[in-house]
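What follows is each chain in one-letter form.
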Amino acid sequence: MSVLRLLILSFGFIVFFFQQAFASVTMERIEVAGGPPLLLIRGEFEFSDSPAILEREAGATGATVVTFDSNGGNVVSAMAFGRAIRALGLSTIQLRSSQCASACTLAFIGGVTRLAEPGSMGVHQSSFSPEDDIDGHVAVAAVQAMTSQIMTYMIEMGVDPKLLQVSLAVAADDMRYLTASEMEEYNVTNAQADPPKSAPPPAHSPNQPVEPNAPSPSAAGSHAPSQAEPSTDESRAQNFLIAYHDAWSRPNSDALRFMEAAYAETVSFYGKTLSRNAIIDEKRTFAERWPRRAYVLRHGSVDVICAMTCTASGIVDWFAHSPERGKMSSGSAEFRVSWDPSSGKIISEAGTVLSTDKGAREPLRVIAQWQAENGLCRGGSGDSDETLKACDRRDVIDTKLRNVGWCYGRPGEYGYQMDWHSCDESTHKNTQGAIVQKAKDLDGPAFRVSELYKGKLRLPDFRKRDRAFNSFRTRIRDGMKAGPNFADRYSVIQFGCGTGCSMVIVGDNKTGRPMDFPLGGEANMYLTLRFNLKSRLMTAQWADFNADRCYVEFLDFDGNAWKQLARQAVGSKDACNRDIAENLE
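Reading guide: rules and limits
- Residues numbered from 1 in each chain as written.
- Predicted model: local features only at pLDDT ≥ 70, side-chain atom pairs only at ≥ 80, totals over all residues.
- Heavy atoms only, no water.
- Helix = DSSP H or I, 4+ residues; strand = E, 2+ residues; numbered from the N terminus.
- Contact = heavy atoms within 4.5 Å.
- Areas by Shrake-Rupley, 256 points an atom, 1.4 Å probe, with all protein chains shown as cover.
- Patch = residues over 30% accessible without salt bridge, like charges linked within 9 Å, V, L, I, M, F, W, Y side chains within 5 Å.
- Salt bridge = Lys/Arg side-chain N within 4 Å of Asp/Glu carboxyl O.
- Lys, Arg positive; Asp, Glu negative; His and termini not counted.
- Charge placed at Lys NZ, Arg CZ, Asp CG, Glu CD.
- Buried < 20%, exposed > 50% of the residue type's maximum accessible area, 1.4 Å probe, protein only.
- Pairing = 2+ DSSP bridges.
- Disulfide = S-S within 2.5 Å.
- Core = buried A, V, L, I, M, F, W, Y, C linked by side-chain atoms within 4.5 Å.
- Axes fitted to C-alpha atoms, helices over the stretch in contact; angles between N-to-C directions.
- Left-handed = near helix turned anticlockwise from the far one by under 90°.
- Nonpolar A, V, L, I, M, F, W, Y, C, P; charged D, E, K, R; others polar.
- pLDDT = per-residue confidence, 0-100.
- Expected span 1.5 Å × (residues − 1).

Moving on to the overall build of the protein chain. Of regular secondary structure, the protein chain possesses 16 helices and 24 strands. In the protein chain, the proportion of contacts linking residues at least 24 apart, taken out of those at least 6 apart, comes to 62%. Element-wise, carbon and sulfur atoms account for 51% of the exposed surface of the protein chain, whose accessible area totals about 26,600 Å².

So, in structure tokens, the structure goes:
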């Protein structure tokens, strides 16, 4: 087999993520009011793909910006697209909601001006397809030749070839997502260049969902940028996001009226191109299912970058209640939107649920935000602008909590006695000590397994059934090969995702199926687990940095789902430096 043939087959630099071929790339248009469309390149690069389709679309539409939704593919094709992008004078923008990983990064760096959200660009080592039977010496020669071509291409595009060293440090079955500082350091992004601009924003019209510079105090509170501050696209986008989540926290009729004006005619909505009517139908269904909602942006979490459009991301804590069904939902999610400043409308939306509170019976996360803002409000200088803004944010959260049926303090209480509780609550909760004692008693005979699994240990099928876990296959395989360590036949596998951050996967050694664990990531820092082979009970300890609290949580696993039995705060986040047993004494 010739070296050229090997290069064609190679899923080189930042290897093809799934290591198998899917559909070739396609071109899609994302309409932008007041300007030409964005061109979306979607799918995996194949050797047969020609950048002529990009040239035709750019010529026909006058587009100046390209974005991607691609896990990689053939490196030769990706570089051809990158050179075409540069020759056409196009810019590239990348959102986390539609990542550009593997060989796709080579196409991305072809942009004249390059903007990307942190975590949207993925890199790792080169490799060949598992189906290719390639002699080792020939493979080494092929990789060396391709590495030389990639380095030459990077220099041609003005990117530091040291980026290749970063990719070589990451295993081919893993993925490293670049931070904002890394992308700037290696010149993957060059935000200091003047980005292409669309036509200037028109004057406010009745169709816009919110006044660009100042949402009404009833919607956002006076913590939004004031009229005296510069009217930049970034500040307008920030204001829009505040108003959006405030509106979604209001009664259904008000919320849906805002949503109808907030979206463009067509939107890239969680990976699908949908009409505004279809999106509103989805929103209406959700609102009817959860008629009481409190959605609160985490202060300081919102990041906005504007060029022709504004890309924004952030974290929102939510609580939803359906009194009729007796259901409650609580958690945190990361949202990612693309907002057109010329029309004031969303053109792309995506997001990821970071954590949910299983069996939630109260708006824990929203209350934690209120407590944080209340501390800043009461503890700061009375004439400080930051103190006043914290008081405003607290008051907005206060209104949202009352709208979902939660009240602060009971008749006859004052000061330290006051706390948040259900407005129609007739009895006090158990004291803190009683809850902890009850939780400690749960590790008893009721959770013991009857017998231990002695059958054959099976491993996951990462090619088909368990493909969603492919990114962590080495860790999962190693963990499951070691045998069960929890509840008869399961392997609890915990691995790091950064300082103080860890993820957990539970593997069923009888079926080979890996499963997600409800805790982990940045929402549950310093996660410590206590469990054993003969019990279904899992004890978890973790810190919530935003609330400055350390929690001990007890969960029961029935083989399919996790049931939260009890959860109790045991102190500030520093308490998580102690052992679980110490915190339960």
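Our focus in this paragraph is the environment of Gly43. Mapped onto the elements of the fold, Gly43 is located in the loop between β2 (38–42) and α2 (52–61). The spacing of Gly43 and Gly73 is 30 residues in sequence and 8.6 Å in space, taken between C-alpha atoms.

Turning our attention to a positive patch on the surface. A grouping of Arg289, Arg325, Lys327 and Arg361 is seen on the molecular surface, where their side chains present a positively charged patch. Along the chain, the position of Arg325 falls in the loop between β13 (310–322) and β14 (327–340). Classification of Arg325 as partly exposed rests on a relative accessible area of 31%.

Spatially, β5-β7-β8 is the arrangement adopted by the 3 strands of the open sheet, whose pairing is mixed. In the strand order of this sheet, the two ends are held by β5 (100–101) and β8 (176–177), each with one partner. In the sheet, β5 pairs with strand β7 (residues 121–123) via 2 bridges, with the strands oriented parallel. When the sheet's bridge partners are listed, Cys100 is paired in β7 with Met121.

Any covalent bond linking the sulfur atoms of two cysteines counts as a disulfide. Under the definition given, this model contains 6 disulfides. Residue pairing for Cys100: its cysteine sulfur links by disulfide to Cys104, the two sulfurs lying 2.0 Å apart. Linking Cys100 and Cys104, the disulfide has an S-S dihedral of approximately -110° and is accordingly described as left-handed. Disulfide partners in the protein chain, listed by the sequence order of the bonded cysteines, are 1-2, 3-4, 5-6, 7-8, 9-10, 11-12.

Below, the discussion takes up the pairing of strand β9 (residues 263–269). A large share of β9 lies buried, amounting to 5 of its 7 residues. Pairing analysis gives 4 bridges linking β9 to strand β10 (residues 272–275), with the strands arranged antiparallel. Opposite Ser268, over in β10, you have Thr273 as the bridge partner. Connecting the antiparallel pair β9 and β10 is a turn made up of 2 residues, with Tyr270 showing a positive phi of about 50°.

Counting residues in each nonpolar core, the largest one holds 47 residues, and the members touching the most others are Phe240, Leu241, Phe258 and Tyr263. Here this core takes 8 residues from helix α9 (residues 233–248), the largest share from any one element. Beyond its immediate sequence surroundings of up to four residues, Tyr263 is in contact with Tyr244, Phe269, Arg276, Ile279, Ile280, Lys283, Lys345, Ile346 and Glu349. Listed in part, the 40 residues of the second largest apolar core include Met27, Met79, Ala107 and Val123.

The description of two packed helices rests on the angle between their axes and on the distance between the axes. Interaxial distance between α9 and helix α10 (residues 252–262) falls to 8 Å at its minimum, and their mutual angle equals 145°. The hand of the α9/α10 crossing is left-handed. Each of Phe240, Ala243, Tyr244, Ala247 and Trp248 in α9 lies in contact with α10, whose residues at this interface are Ala255, Leu256, Phe258, Met259 and Ala262. When the residues that make up the contact of α9 with α10 are grouped by side-chain class, the tally is 10 nonpolar, no polar and no charged.

Attention now moves to the confidence of the model for the protein chain. Averaged over every residue, the pLDDT of the protein chain is 79; the share at 70 or more is 80%. Here helix α1 (residues 3–9) stands out as the element of the protein chain with the lowest mean pLDDT, 28, in contrast to strand β11 (residues 292–297), whose mean of 95 is the highest. Segment residues 128–134 is flagged for pLDDT under 50; beyond a separation of four residues in sequence, or across chains, it makes 15 contacts in the model. Across residues 426–436 the pLDDT falls below 50, and counting only partners more than four positions away or on other chains, this stretch makes 10 contacts in the model.

Turning to the sheet that holds strand β4 (residues 91–94), a few remarks are in order. The 5 strands are arranged β1-β2-β3-β4-β6 in an open sheet whose pairing can be described as mixed. Among the strands making up the open sheet, the edge pair consists of β1 (26–30) and β6 (114–116). Sheet twist, expressed as the average angle between the axes of neighbouring strands with direction ignored, equals 25°. Relative to β6, β4 runs parallel, the two sharing 3 bridges. Residue pairing across strands places Ile93 opposite Leu115, the latter belonging to β6. The sheet strands contacting α2 are β1, β2 and β3 (65–69), and the helix crosses β1 at an angle near 20°.

Glancing now at α9. With 16 residues, α9 should reach 22 Å at 1.5 Å per residue; the first-to-last C-alpha distance of 22 Å fits that figure. Within α9, 14 of the 16 residues are buried, leaving the element largely enclosed by the surrounding structure.

Turning our attention to the pattern of salt bridges. Tallied over the entire structure, the rule returns 26 salt bridges. Across the pair Glu28 and Arg42 runs a salt bridge whose closest N-O atoms are separated by 2.8 Å. Here the residue Glu28 occupies a position in strand β1, and Arg42 occupies one in strand β2, the gap between them amounting to 14 residues. Of the residues examined, Glu28 reaches a relative accessible area of 25% and is grouped as partly exposed. For the salt bridge of Glu156 with Arg83, the shortest nitrogen-to-oxygen distance reads 2.9 Å. Residue Glu156 is located in helix α5 (residues 136–156), and its partner Arg83 is located in helix α3 (residues 75–87); the two are separated by 73 residues in the primary sequence. Salt bridges linked by common partners bring Arg96, Glu117, Glu334 and Arg336 together as one network.

We now examine the environment of Thr273. Within the secondary structure, Thr273 is located in strand β10. When the C-alpha positions of Thr273 and Glu28 are compared, they lie 9.7 Å apart, and in sequence the two are 245 residues distant. Apart from residues no more than four positions distant in its own chain, Thr273 is found in contact with Glu28, Val267 and Ser268.

For helix α11 (residues 276–289), built from 14 residues, the straight-helix expectation of 20 Å at 1.5 Å per residue is met to within 8% by its first-to-last C-alpha distance of 20 Å. Looking at the buried positions of α11, the neighbouring elements they touch are α9, α10, β9, β10, β11 and β15 (345–356).

Even without glycine at this site, Tyr270 takes up a positive phi of about 50°. Mapped onto the secondary structure, Tyr270 falls in the loop between β9 and β10. A relative accessible area of 44% places Tyr270 in the partly exposed class.

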